[in-house]
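A structural walkthrough
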There are 2 protein chains.
Amino acid sequence: MTGVPPTRIAQPKLEHFIRSVFVAAGLRDDLAADVAEVLIEADMMGHATHGVALVPMYLKSLESGGMAKDGEIEVLADMGACATWTCHRLPGATVLKRAMDLAIERAKTFGCSTVSITDSYHMGALAVYLVQATQQGMMAVLSSSTLSSNGVAPFGGTVGVMTPNPIAAGIPTSGDPILLDISASITTRNKSLQYAAAGQRFPGQWALDVDGNPSDDPNALLDGGTLLPIGGLDHGHKGYALGLMVEALTQGFSGIGRNDEQTGTYTTGFLQVFDPRAFAGKDAFTRTTDHLVKLCQNNHPRAGVDKVRVPGENALARRRAALKNGVDLSGQIMQGLAAAAEQTGVKLPDPVVQRLCDI
Amino acid sequence: MTGVPPTRIAQPKLEHFIRSVFVAAGLRDDLAADVAEVLIEADMMGHATHGVALVPMYLKSLESGGMAKDGEIEVLADMGACATWTCHRLPGATVLKRAMDLAIERAKTFGCSTVSITDSYHMGALAVYLVQATQQGMMAVLSSSTLSSNGVAPFGGTVGVMTPNPIAAGIPTSGDPILLDISASITTRNKSLQYAAAGQRFPGQWALDVDGNPSDDPNALLDGGTLLPIGGLDHGHKGYALGLMVEALTQGFSGIGRNDEQTGTYTTGFLQVFDPRAFAGKDAFTRTTDHLVKLCQNNHPRAGVDKVRVPGENALARRRAALKNGVDLSGQIMQGLAAAAEQTGVKLPDPVVQRLCDI
């Protein structure tokens, strides 16, 4: 890196910039707005690997046709409670925001609704989309898999078959929602690249090298190795099973799987939204989840842990701070944005002025 | 153990015996038939901890009122695609077999159907129920949690909050289905008891002792410790997140959670059945899952692994062998059955005669 300093930018200015960059690169304006919003949400929630760091990759995909510049979602099937979409490589941000809108509406009628998605471009951080549902008192469950990538081997095997296959869920309470977003593998390709770039080893045996030997070297993946499923060598049959479930939910229902050769970032998705009003009621639901959160947050922590947290707690606190104070971006990310600004002729936004005292 | 030998019993004779024992103990005949069928299925699939080994516990629960002797399921809500049941401590075998029947029927209309269950008695091995759906080309997802038990602490904490919270799924292919059944904790209380009884340590740091120190001692759990979520100390935030999701799915929708004090084996459940015909079609689904199974089963195994298997593969092979040759029961399990026979006055079935040559 050639010395670009980390920078803090106000969220509206950053959003205007990212949107303008994509419009300048040919993406339809409403799609560009979705992408900008979703990428910046990921940064604000602390998922920097899935935030505006992806702008250079997205721009390349626009050039190559891996992400569509415009187009419409095509409905392949619609049973009311369940819909199946093929999305012609539209940005995952647009696909999932619209799927969430539909699923929320349909859940009001059917109690639970499902949207099965194929041929989407990259979806980013799944956790970002969940709040759309939890704000209306609904629970959302969301998974994805990418057909063109296969860094995770089945437990006991050495040849990559699956992607990390995330499962995300938004669980409403009467306060902040629980927002979970986990992959079925211990780590992901992006995180491995970060470890490798920082010259660090994994904290444990998180990968297998190309010969199937357990390894804590993040470069193992780049050299033909594979990522271990959750549980690793000790109990990785559990992560393997979860990964298979996500493959079936995302690819099986949408009908396009690893038997269909795909190029670029070809993503399949599975979304469900549940309205607790259709079951024992919204109050009973949040009374239950409120109590669960309390049992966890008030739990006696073990040595070295300051406080037990529920998933999403840190992310939502970070998001509030970022909305108030601006979005923090590393020097490496700023370098990518500077290149995008140069490529598209869009001016980089001014950083937040850091006042040393109140005026 | 006082030297009861392991025994092999033909499935129909064993089923008749178990059913008769429960009828003699006062359980209504149709409920006894469900319990016998489901417990023996677990033994045949190799889940001996959830098989007829549970007969003594079930008999005690019948005496104490923890399991109801008769009664009916009460429908609390029914939106068509989603139903909510309270089950007045009926056996989980009956509850889940009926829930599966309803969900399969409803999935034909709505594409996906959901049954939310509260106040069930023990459900046993969830994997057993899945075949009801996969035989009709449908995918089933099933979870449970038990309110009266809490051996799993949140990640970073030391006080038990949750049960192991299993997630099971049956995924149809054109051949055998994939049947997965994993808990959100590394191991379960029953498995810990087995390790302790055998004088063995866990293969890894699977528990925390009462002070929050990692431990491979199965007795830690009995001494006030807790079971670690999947991923353990290394990446247990993932198992913790899964456990929270199952708590919300099972307790949140059914409306009875850990804020409601419960005694005995009070189990909540969450069942979904999906009909691929409502999405991209049954053929597209099984074409996808067939290919996935092939990629796994043909995978090059790592050193020490003879063959990569998909979840359920061994269980279904064992089941076929047991149906043909009889159900193998350990001396310890036979001792429990002998006690049940004595208690109820039902005669123990004859073992399979092991012929040394064809007649």
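Since we're looking at a predicted model, the values are computed, not measured. (Residues numbered from 1 in each chain as written. Chains lettered and ligands numbered in written order. Predicted model: local features only at pLDDT ≥ 70, side-chain atom pairs only at ≥ 80, totals over all residues. Heavy atoms only, no water.)

1. Side note on the relation of the copies chain A and chain B
- Superposing chain A onto chain B takes a rotation of 180° combined with a translation of 0.0 Å along the rotation axis, leaving an RMSD of 0.0 Å. Viewed as a symmetry operation, the transformation between the two copies matches a two-fold axis. Measuring from the rotation axis to each C-alpha of chain A, the shortest distance belongs to A:Gly231, at 2.3 Å.
- Looking at chain A, 100% of its interface residues are interface residues in chain B too, so the copies touch through the same face. (Least-squares fit on C-alpha atoms with pLDDT ≥ 70 in both. Contact = heavy atoms within 4.5 Å.)

2. Let's talk about the domain arrangement of chain A
Residue and element names in this part refer to chain A.
- Per the domain assignment, the segments making up chain A are domain 1 (7-186 + 228-289 + 334-344) and domain 2 (187-227).
- Once you take the C-alpha centre of each, domain 1 and domain 2 turn out to be 24 Å apart.
- The largest share of the area that domain 1 buries against domain 2 comes from Thr49, Ile186 and Leu228, three residues that together contribute 46% of it.
- Scanning the region where domain 1 abuts domain 2 turns up zero salt bridges.
- Here domain 1 and domain 2 share three residue pairs in polar contact (both at pLDDT 80 or more) between them.
- Of the residues assigned to the side of domain 1 that touches domain 2, the class counts are eight nonpolar, eight polar and no charged. (Domains from an automatic or database assignment. Buried area = accessible area lost by both parts, 1.4 Å probe. Salt bridge = Lys/Arg side-chain N within 4 Å of Asp/Glu carboxyl O. Polar contact = N/O pair within 3.5 Å; in protein donor to acceptor, adjacent residues only side chain to side chain. Nonpolar A, V, L, I, M, F, W, Y, C, P; charged D, E, K, R; others polar.)

3. Describing the interface of chain A and chain B
- Taken together, the contact between chain A and chain B spans 85 residues of the former and 85 residues of the latter.
- Between chain A and chain B, a total of about 6800 Å² is buried, with carbon and sulfur atoms accounting for 70% of that surface.
- When the area that chain A buries against chain B is broken down by residue, the three leading residues are A:Phe253, A:Phe279 and A:Arg302, summing to 11%.
- At the boundary of chain A and chain B, one finds 26 residue pairs in polar contact (both at pLDDT 80 or more).

4. Things to note about the sheet that holds strand β10 (residues 226-227) of chain A
Residues and elements named next belong to chain A.
- With antiparallel pairing, three strands are arranged side by side in an open sheet as β9-β8-β10. Both outer strands of the open sheet, β9 (214-215) and β10, are each paired with one neighbouring strand and no more.
- The pairing of strand β8 (residues 207-208) with β9 spans two bridges and is classified as antiparallel. Each bridged residue has a counterpart across the sheet, and for Ala207 the counterpart in β9 is Ser215. (Pairing = 2+ DSSP bridges. Helix = DSSP H or I, 4+ residues; strand = E, 2+ residues; numbered from the N terminus.)

5. Here's the deal with the environment of B:Val161
- Here B:Val161 lies in the loop between β5 (139-146) and β6 (167-171).
- When its relative accessible area of 3% is taken as the criterion, B:Val161 is described as buried.
- Sequence separation between B:Val161 and B:Ser149 is twelve residues; the distance between their C-alpha atoms is 8.2 Å.
- Apart from residues no more than four positions distant in its own chain, B:Val161 is found in contact with A:Leu292, A:Leu295, A:Cys296, A:Asn299, B:Asn150, B:Val152, B:Ala153, B:Pro154 and B:Arg258. (Buried < 20%, exposed > 50% of the residue type's maximum accessible area, 1.4 Å probe, protein only.)

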